Amino acid sequence: MSIDVTQIGKQFGTFTALSDVTLHVPDGQLVALLGPSGSGKTTLLRVIAGLETPDTGRVHLAGQDVTHAGPGERGIGFVFQHYALFKHMTVFENVAFGLKVKRGAARPTAATIREKVMRLLSLVQLDWAAARYPSQLSGGQRQRVALARALAVEPRVLLLDEPFGALDAAVRQELRDWLRQLHNELHVTSVFVTHDQEEALEIADRIVVFNAGRIEQEGTPGDVYHHPASAFTYRFLGRANVWQTDAREQTLVRPHDLHLSPEPAPGAVPAQIVRVHQVGPTARLELSRAGDLPSLEAHLPARDVQAFQVGQQVYVSPTAQQTYSVTSS
Ligand SMILES: Nc1ncnc2c1ncn2[C@@H]1O[C@H](COP(=O)(O)OP(=O)(O)OP(=O)(O)O)[C@@H](O)[C@H]1O
(Lines give C-alpha, C1' and ligand atoms only; values in the text may rest on other atoms or scores of the structure.)
Protein backbone atom coordinates (compact mmCIF):
# COMPACT_ATOMS: atom_id res chain seq x y z
CA MET A 1 0.00 0.00 0.00
CA SER A 2 1.45 3.36 -1.01
CA ILE A 3 1.99 6.13 1.52
CA ASP A 4 1.72 9.82 0.65
CA VAL A 5 2.42 12.57 3.08
CA THR A 6 1.88 16.05 1.71
CA GLN A 7 3.21 19.31 3.15
CA ILE A 8 3.21 18.04 6.72
CA GLY A 9 3.97 20.58 9.45
CA LYS A 10 4.20 19.82 13.16
CA GLN A 11 5.08 22.12 16.06
CA PHE A 12 5.68 21.18 19.68
CA GLY A 13 5.12 24.53 21.41
CA THR A 14 7.44 26.92 19.60
CA PHE A 15 9.67 24.09 18.32
CA THR A 16 9.20 23.07 14.68
CA ALA A 17 9.57 19.27 14.51
CA LEU A 18 8.41 18.95 10.87
CA SER A 19 8.24 21.62 8.22
CA ASP A 20 6.63 21.18 4.79
CA VAL A 21 7.45 17.46 4.53
CA THR A 22 6.21 15.81 1.33
CA LEU A 23 7.04 12.18 0.65
CA HIS A 24 5.75 9.41 -1.61
CA VAL A 25 6.45 5.79 -0.68
CA PRO A 26 5.38 3.47 -3.52
CA ASP A 27 3.60 0.21 -2.72
CA GLY A 28 6.00 -2.52 -1.61
CA GLN A 29 9.08 -0.37 -1.02
CA LEU A 30 11.40 -0.36 1.97
CA VAL A 31 12.28 3.25 2.72
CA ALA A 32 14.74 4.47 5.35
CA LEU A 33 14.32 7.81 7.12
CA LEU A 34 17.89 8.80 7.95
CA GLY A 35 19.04 11.80 9.94
CA PRO A 36 20.59 13.05 13.16
CA SER A 37 18.87 12.82 16.51
CA GLY A 38 15.99 15.28 16.79
CA SER A 39 15.60 15.82 13.03
CA GLY A 40 11.95 14.68 13.02
CA LYS A 41 12.11 11.06 11.78
CA THR A 42 10.12 9.53 14.63
CA THR A 43 7.59 12.36 14.52
CA LEU A 44 6.93 11.63 10.84
CA LEU A 45 6.54 7.91 11.59
CA ARG A 46 4.05 8.75 14.33
CA VAL A 47 2.13 11.03 11.97
CA ILE A 48 1.90 8.19 9.41
CA ALA A 49 0.72 5.82 12.17
CA GLY A 50 -1.91 8.25 13.43
CA LEU A 51 -0.25 8.54 16.84
CA GLU A 52 0.44 12.23 16.23
CA THR A 53 -1.85 14.72 14.46
CA PRO A 54 -0.08 17.07 12.05
CA ASP A 55 -0.79 20.82 12.30
CA THR A 56 -0.85 21.10 8.52
CA GLY A 57 -0.81 18.71 5.56
CA ARG A 58 -2.44 15.40 4.64
CA VAL A 59 -1.67 11.69 4.96
CA HIS A 60 -2.95 9.25 2.31
CA LEU A 61 -2.67 5.46 2.46
CA ALA A 62 -3.35 3.71 -0.86
CA GLY A 63 -4.80 6.99 -2.10
CA GLN A 64 -7.28 7.29 0.75
CA ASP A 65 -7.14 10.33 3.03
CA VAL A 66 -6.49 9.08 6.59
CA THR A 67 -5.32 12.38 8.09
CA HIS A 68 -8.03 12.22 10.74
CA ALA A 69 -8.35 8.42 11.04
CA GLY A 70 -7.29 6.83 14.33
CA PRO A 71 -4.29 4.49 14.51
CA GLY A 72 -6.58 1.42 14.73
CA GLU A 73 -8.23 2.25 11.41
CA ARG A 74 -5.01 2.46 9.40
CA GLY A 75 -3.87 -1.17 9.23
CA ILE A 76 -0.34 -0.40 10.35
CA GLY A 77 2.17 -2.62 12.15
CA PHE A 78 4.75 -1.04 14.45
CA VAL A 79 8.13 -2.25 15.73
CA PHE A 80 10.03 -0.09 18.20
CA GLN A 81 13.61 -0.01 19.43
CA HIS A 82 12.71 -1.48 22.78
CA TYR A 83 10.92 -4.73 22.16
CA ALA A 84 7.69 -4.40 24.08
CA LEU A 85 6.89 -8.10 24.33
CA PHE A 86 4.55 -9.32 27.04
CA LYS A 87 6.89 -10.88 29.59
CA HIS A 88 4.32 -13.26 31.07
CA MET A 89 3.36 -14.71 27.68
CA THR A 90 5.26 -17.28 25.63
CA VAL A 91 6.64 -16.39 22.21
CA PHE A 92 3.64 -18.16 20.63
CA GLU A 93 1.16 -16.20 22.76
CA ASN A 94 2.91 -12.92 22.01
CA VAL A 95 2.61 -13.44 18.26
CA ALA A 96 -0.98 -14.73 18.57
CA PHE A 97 -2.08 -11.79 20.73
CA GLY A 98 -3.23 -9.43 17.97
CA LEU A 99 -5.30 -12.22 16.38
CA LYS A 100 -6.87 -13.42 19.63
CA VAL A 101 -8.11 -9.95 20.59
CA LYS A 102 -9.97 -9.52 17.30
CA ARG A 103 -13.72 -9.36 17.77
CA GLY A 104 -16.58 -11.32 16.27
CA ALA A 105 -16.24 -12.56 12.71
CA ALA A 106 -12.80 -10.96 12.33
CA ARG A 107 -11.37 -13.37 14.90
CA PRO A 108 -9.82 -16.46 13.30
CA THR A 109 -10.42 -19.93 14.73
CA ALA A 110 -7.90 -21.36 17.20
CA ALA A 111 -6.59 -23.74 14.51
CA THR A 112 -6.11 -20.91 12.01
CA ILE A 113 -4.33 -18.81 14.65
CA ARG A 114 -2.01 -21.72 15.48
CA GLU A 115 -1.15 -22.35 11.86
CA LYS A 116 -0.56 -18.68 11.14
CA VAL A 117 1.60 -18.07 14.23
CA MET A 118 3.76 -21.11 13.48
CA ARG A 119 4.17 -19.98 9.86
CA LEU A 120 5.30 -16.53 11.03
CA LEU A 121 7.64 -18.02 13.61
CA SER A 122 9.26 -20.17 10.99
CA LEU A 123 9.56 -17.09 8.75
CA VAL A 124 11.54 -15.32 11.49
CA GLN A 125 13.37 -18.61 12.17
CA LEU A 126 12.07 -18.98 15.70
CA ASP A 127 9.60 -21.87 15.42
CA TRP A 128 11.78 -23.81 17.85
CA ALA A 129 11.23 -21.08 20.48
CA ALA A 130 7.41 -21.01 20.45
CA ALA A 131 7.07 -22.24 24.04
CA ARG A 132 9.82 -20.02 25.47
CA TYR A 133 9.32 -16.79 27.38
CA PRO A 134 10.93 -13.52 26.17
CA SER A 135 13.41 -13.61 29.08
CA GLN A 136 14.79 -16.87 27.63
CA LEU A 137 15.71 -15.22 24.30
CA SER A 138 18.55 -12.95 23.16
CA GLY A 139 17.86 -9.32 22.22
CA GLY A 140 18.00 -10.10 18.49
CA GLN A 141 15.61 -13.03 18.88
CA ARG A 142 13.16 -10.88 20.86
CA GLN A 143 13.24 -8.28 18.12
CA ARG A 144 12.39 -10.97 15.55
CA VAL A 145 9.43 -12.00 17.74
CA ALA A 146 8.32 -8.34 17.82
CA LEU A 147 8.43 -8.31 14.03
CA ALA A 148 6.45 -11.56 13.76
CA ARG A 149 3.89 -10.10 16.14
CA ALA A 150 3.57 -6.93 14.05
CA LEU A 151 3.15 -9.02 10.88
CA ALA A 152 0.54 -11.38 12.40
CA VAL A 153 -2.35 -8.97 11.84
CA GLU A 154 -1.31 -8.56 8.19
CA PRO A 155 -0.58 -4.85 8.30
CA ARG A 156 -0.79 -2.95 5.05
CA VAL A 157 2.20 -0.89 6.18
CA LEU A 158 5.03 -1.71 8.54
CA LEU A 159 6.72 1.10 10.48
CA LEU A 160 10.02 0.35 12.22
CA ASP A 161 11.55 2.86 14.64
CA GLU A 162 15.26 2.06 15.18
CA PRO A 163 14.28 -1.59 15.59
CA PHE A 164 17.87 -2.74 16.04
CA GLY A 165 19.10 0.32 17.94
CA ALA A 166 19.56 -1.43 21.26
CA LEU A 167 21.51 -4.40 19.85
CA ASP A 168 25.23 -4.96 19.46
CA ALA A 169 27.00 -4.53 16.12
CA ALA A 170 27.18 -8.20 15.06
CA VAL A 171 23.50 -8.86 15.81
CA ARG A 172 22.49 -5.63 14.06
CA GLN A 173 24.30 -6.76 10.93
CA GLU A 174 22.63 -10.15 11.03
CA LEU A 175 19.16 -8.64 11.49
CA ARG A 176 19.72 -6.12 8.71
CA ASP A 177 20.45 -8.88 6.20
CA TRP A 178 17.54 -10.82 7.51
CA LEU A 179 15.07 -7.89 7.40
CA ARG A 180 16.03 -7.19 3.80
CA GLN A 181 15.45 -10.83 2.92
CA LEU A 182 12.12 -10.86 4.73
CA HIS A 183 11.04 -7.75 2.88
CA ASN A 184 11.99 -9.34 -0.44
CA GLU A 185 9.62 -12.20 0.41
CA LEU A 186 6.68 -10.24 1.82
CA HIS A 187 6.84 -6.85 0.02
CA VAL A 188 4.98 -5.06 2.82
CA THR A 189 5.43 -1.31 2.31
CA SER A 190 7.84 -0.43 5.11
CA VAL A 191 9.29 2.75 6.57
CA PHE A 192 12.35 2.34 8.70
CA VAL A 193 13.84 5.02 10.99
CA THR A 194 17.57 4.96 11.62
CA HIS A 195 20.42 7.33 12.33
CA ASP A 196 22.90 4.73 11.10
CA GLN A 197 23.87 5.55 7.51
CA GLU A 198 25.38 2.13 6.83
CA GLU A 199 22.16 0.46 7.89
CA ALA A 200 20.13 2.71 5.60
CA LEU A 201 22.49 2.31 2.64
CA GLU A 202 22.51 -1.46 3.00
CA ILE A 203 18.87 -2.33 3.27
CA ALA A 204 16.68 0.45 1.88
CA ASP A 205 15.26 0.80 -1.64
CA ARG A 206 15.17 4.55 -1.06
CA ILE A 207 16.70 6.84 1.52
CA VAL A 208 15.16 10.04 2.82
CA VAL A 209 17.70 12.28 4.57
CA PHE A 210 16.26 14.52 7.30
CA ASN A 211 17.79 17.73 8.58
CA ALA A 212 16.08 19.86 11.22
CA GLY A 213 12.50 18.84 10.41
CA ARG A 214 12.90 19.02 6.64
CA ILE A 215 13.75 16.56 3.90
CA GLU A 216 17.29 17.39 2.82
CA GLN A 217 17.47 14.86 -0.02
CA GLU A 218 15.88 11.62 -1.14
CA GLY A 219 16.84 8.96 -3.63
CA THR A 220 18.25 5.48 -4.02
CA PRO A 221 21.20 4.60 -1.77
CA GLY A 222 23.46 5.06 -4.83
CA ASP A 223 21.99 8.52 -5.57
CA VAL A 224 22.40 9.93 -2.10
CA TYR A 225 25.82 8.37 -1.49
CA HIS A 226 27.40 9.21 -4.85
CA HIS A 227 25.57 12.47 -5.53
CA PRO A 228 24.99 14.21 -2.21
CA ALA A 229 23.18 17.43 -3.06
CA SER A 230 24.48 19.33 -0.04
CA ALA A 231 27.41 19.38 2.35
CA PHE A 232 24.99 18.21 5.06
CA THR A 233 24.15 15.00 3.17
CA TYR A 234 27.79 14.46 2.21
CA ARG A 235 28.88 14.72 5.83
CA PHE A 236 26.04 12.63 7.13
CA LEU A 237 26.66 9.71 4.78
CA GLY A 238 30.30 9.18 5.61
CA ARG A 239 33.45 10.75 6.98
CA ALA A 240 34.44 13.98 5.29
CA ASN A 241 37.68 15.95 5.07
CA VAL A 242 37.61 19.68 4.38
CA TRP A 243 40.15 19.87 1.58
CA GLN A 244 39.78 23.54 0.90
CA THR A 245 37.48 26.29 2.10
CA ASP A 246 36.94 29.97 1.53
CA ALA A 247 34.14 32.42 2.24
CA ARG A 248 32.01 31.08 -0.61
CA GLU A 249 32.89 27.45 -1.23
CA GLN A 250 34.02 24.34 0.52
CA THR A 251 35.60 21.26 -1.07
CA LEU A 252 35.04 17.95 0.74
CA VAL A 253 36.89 14.66 0.23
CA ARG A 254 36.21 11.17 1.61
CA PRO A 255 39.15 9.59 3.50
CA HIS A 256 39.35 6.74 0.96
CA ASP A 257 39.54 9.25 -1.90
CA LEU A 258 42.88 10.66 -0.72
CA HIS A 259 45.95 9.41 -2.57
CA LEU A 260 49.29 9.46 -0.71
CA SER A 261 52.68 9.43 -2.35
CA PRO A 262 56.18 9.64 -0.80
CA GLU A 263 57.28 11.81 -3.76
CA PRO A 264 55.97 15.19 -4.94
CA ALA A 265 53.35 14.85 -7.68
CA PRO A 266 51.35 17.34 -9.76
CA GLY A 267 48.38 18.66 -7.76
CA ALA A 268 49.56 16.99 -4.53
CA VAL A 269 50.12 19.04 -1.37
CA PRO A 270 52.68 18.26 1.33
CA ALA A 271 51.50 16.83 4.66
CA GLN A 272 53.02 15.03 7.59
CA ILE A 273 51.83 11.72 9.00
CA VAL A 274 50.85 12.30 12.64
CA ARG A 275 49.29 8.95 13.46
CA VAL A 276 48.73 5.57 11.89
CA HIS A 277 45.89 3.47 13.22
CA GLN A 278 45.65 0.01 11.78
CA VAL A 279 42.98 -2.46 12.78
CA GLY A 280 41.48 -4.83 10.23
CA PRO A 281 41.72 -4.42 6.46
CA THR A 282 41.77 -0.59 6.41
CA ALA A 283 44.45 1.67 7.90
CA ARG A 284 43.52 5.18 9.10
CA LEU A 285 46.17 7.86 8.82
CA GLU A 286 45.99 11.30 10.40
CA LEU A 287 47.82 13.95 8.39
CA SER A 288 48.69 17.53 9.28
CA ARG A 289 49.16 20.23 6.70
CA ALA A 290 51.16 23.44 6.90
CA GLY A 291 49.58 26.70 8.07
CA ASP A 292 46.06 26.61 9.43
CA LEU A 293 44.71 24.13 6.88
CA PRO A 294 42.51 21.51 8.56
CA SER A 295 44.16 18.15 9.25
CA LEU A 296 43.14 15.18 7.08
CA GLU A 297 42.12 11.59 7.64
CA ALA A 298 43.13 9.12 4.93
CA HIS A 299 42.02 5.50 4.64
CA LEU A 300 44.30 3.04 2.85
CA PRO A 301 44.14 -0.71 2.35
CA ALA A 302 46.24 -2.17 5.20
CA ARG A 303 48.67 -3.76 2.72
CA ASP A 304 49.60 -0.31 1.30
CA VAL A 305 50.43 1.25 4.65
CA GLN A 306 53.87 -0.38 5.02
CA ALA A 307 55.31 2.31 2.75
CA PHE A 308 54.40 5.02 5.31
CA GLN A 309 55.36 5.81 8.90
CA VAL A 310 54.64 8.38 11.59
CA GLY A 311 56.61 11.60 11.09
CA GLN A 312 57.10 11.05 7.37
CA GLN A 313 56.43 13.83 4.85
CA VAL A 314 54.02 12.74 2.12
CA TYR A 315 52.20 14.33 -0.81
CA VAL A 316 48.42 14.12 -0.82
CA SER A 317 45.91 14.57 -3.63
CA PRO A 318 42.19 13.86 -3.89
CA THR A 319 41.02 11.29 -6.46
CA ALA A 320 37.41 12.49 -6.05
CA GLN A 321 35.91 15.55 -4.41
CA GLN A 322 32.72 17.56 -4.06
CA THR A 323 32.44 21.32 -3.85
CA TYR A 324 29.50 23.02 -2.14
CA SER A 325 28.63 26.64 -1.61
CA VAL A 326 29.16 27.47 2.05
CA THR A 327 25.52 28.47 2.56
CA SER A 328 24.42 24.86 1.79
CA SER A 329 26.34 23.42 4.76
N1 LIG B 1 5.59 15.18 22.31
C2 LIG B 1 6.59 16.05 22.16
N3 LIG B 1 6.62 17.21 22.84
C4 LIG B 1 7.62 18.10 22.66
N5 LIG B 1 8.66 17.93 21.83
C6 LIG B 1 8.70 16.79 21.12
C7 LIG B 1 7.68 15.79 21.25
N8 LIG B 1 7.99 14.77 20.42
C9 LIG B 1 9.16 15.11 19.81
N10 LIG B 1 9.58 16.32 20.23
C11 LIG B 1 10.78 17.03 19.76
O12 LIG B 1 10.76 17.07 18.34
C13 LIG B 1 12.08 16.88 17.81
C14 LIG B 1 12.05 15.77 16.80
O15 LIG B 1 11.90 14.54 17.49
P16 LIG B 1 11.93 13.15 16.75
O17 LIG B 1 11.76 12.10 17.80
O18 LIG B 1 10.98 13.16 15.63
O19 LIG B 1 13.40 13.11 16.18
P20 LIG B 1 14.22 11.90 15.58
O21 LIG B 1 14.81 12.41 14.31
O22 LIG B 1 13.38 10.69 15.51
O23 LIG B 1 15.35 11.74 16.67
P24 LIG B 1 15.97 10.40 17.35
O25 LIG B 1 16.85 9.79 16.30
O26 LIG B 1 16.73 10.95 18.51
O27 LIG B 1 14.80 9.55 17.75
C28 LIG B 1 12.99 16.62 19.00
O29 LIG B 1 13.70 17.80 19.29
C30 LIG B 1 12.04 16.28 20.13
O31 LIG B 1 12.55 16.69 21.37
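These lines cover the structure that appears in this document, whether it is placed above or below. (Residues numbered from 1 in each chain as written. Predicted model: local features only at pLDDT ≥ 70, side-chain atom pairs only at ≥ 80, totals over all residues. Heavy atoms only, no water.)

Glancing now at unusual backbone geometry. Although it is not a glycine, Glu162 sits at a positive phi angle of roughly 45°. Residue placement: Glu162 occurs in the loop between strand E7 (157-161) and helix H5 (169-186). Positive phi, close to 50°, is recorded for Ala212, a residue that is not glycine. Along the chain, Ala212 falls in the loop between strand E9 (206-211) and strand E10 (214-219). Assessed through its relative accessible area of 58%, Ala212 is described here as exposed. (Helix = DSSP H or I, 4+ residues; strand = E, 2+ residues; numbered from the N terminus. Buried < 20%, exposed > 50% of the residue type's maximum accessible area, 1.4 Å probe, protein only.)

Attention now moves to the site of the ligand. Contacts to the ligand come from Phe12, Phe15, Ala17, Pro36, Ser37, Gly38, Ser39, Gly40, Lys41, Thr42 and Thr43. The contact in question runs from an oxygen atom of the ligand to an N or O atom on the side chain of Ser37, over 2.6 Å. Between the ligand and Gly40, the relevant distance is 3.0 Å, taken from an oxygen atom to a main-chain nitrogen or oxygen of the residue. Burial of the ligand by the protein chains amounts to 59% of its free accessible area of 640 Å². The dominant element in the shell around the ligand, judged by the number of residues it contributes, is helix H1 (residues 41-49), at three residues. (Near = heavy atom within 4 Å. Polar contact = N/O pair within 3.5 Å; in protein donor to acceptor, adjacent residues only side chain to side chain. Areas by Shrake-Rupley, 256 points an atom, 1.4 Å probe, with all protein chains shown as cover.)

Looking now at the layout of surface pockets. The computed volume of the second largest pocket comes to approximately 160 Å³. Around the second largest pocket, the lining residues are Ala49, Leu51, Pro71, Gly72, Gly75, Ile76, Gly77 and Phe78. The greatest single-element share of the lining of the second largest pocket, amounting to three residues, is contributed by strand E6 (residues 76-79). By residue class, the composition of the lining of the second largest pocket is five nonpolar, three polar and no charged. (1 Å grid on protein atoms, 1.4 Å probe; cavity = no way out; pocket = protein on both sides within 12 Å on 5 of 7 lines; lining within 4 Å. Points joined across faces, edges and corners; volume = space filled by probe spheres on them. Nonpolar A, V, L, I, M, F, W, Y, C, P; charged D, E, K, R; others polar.)

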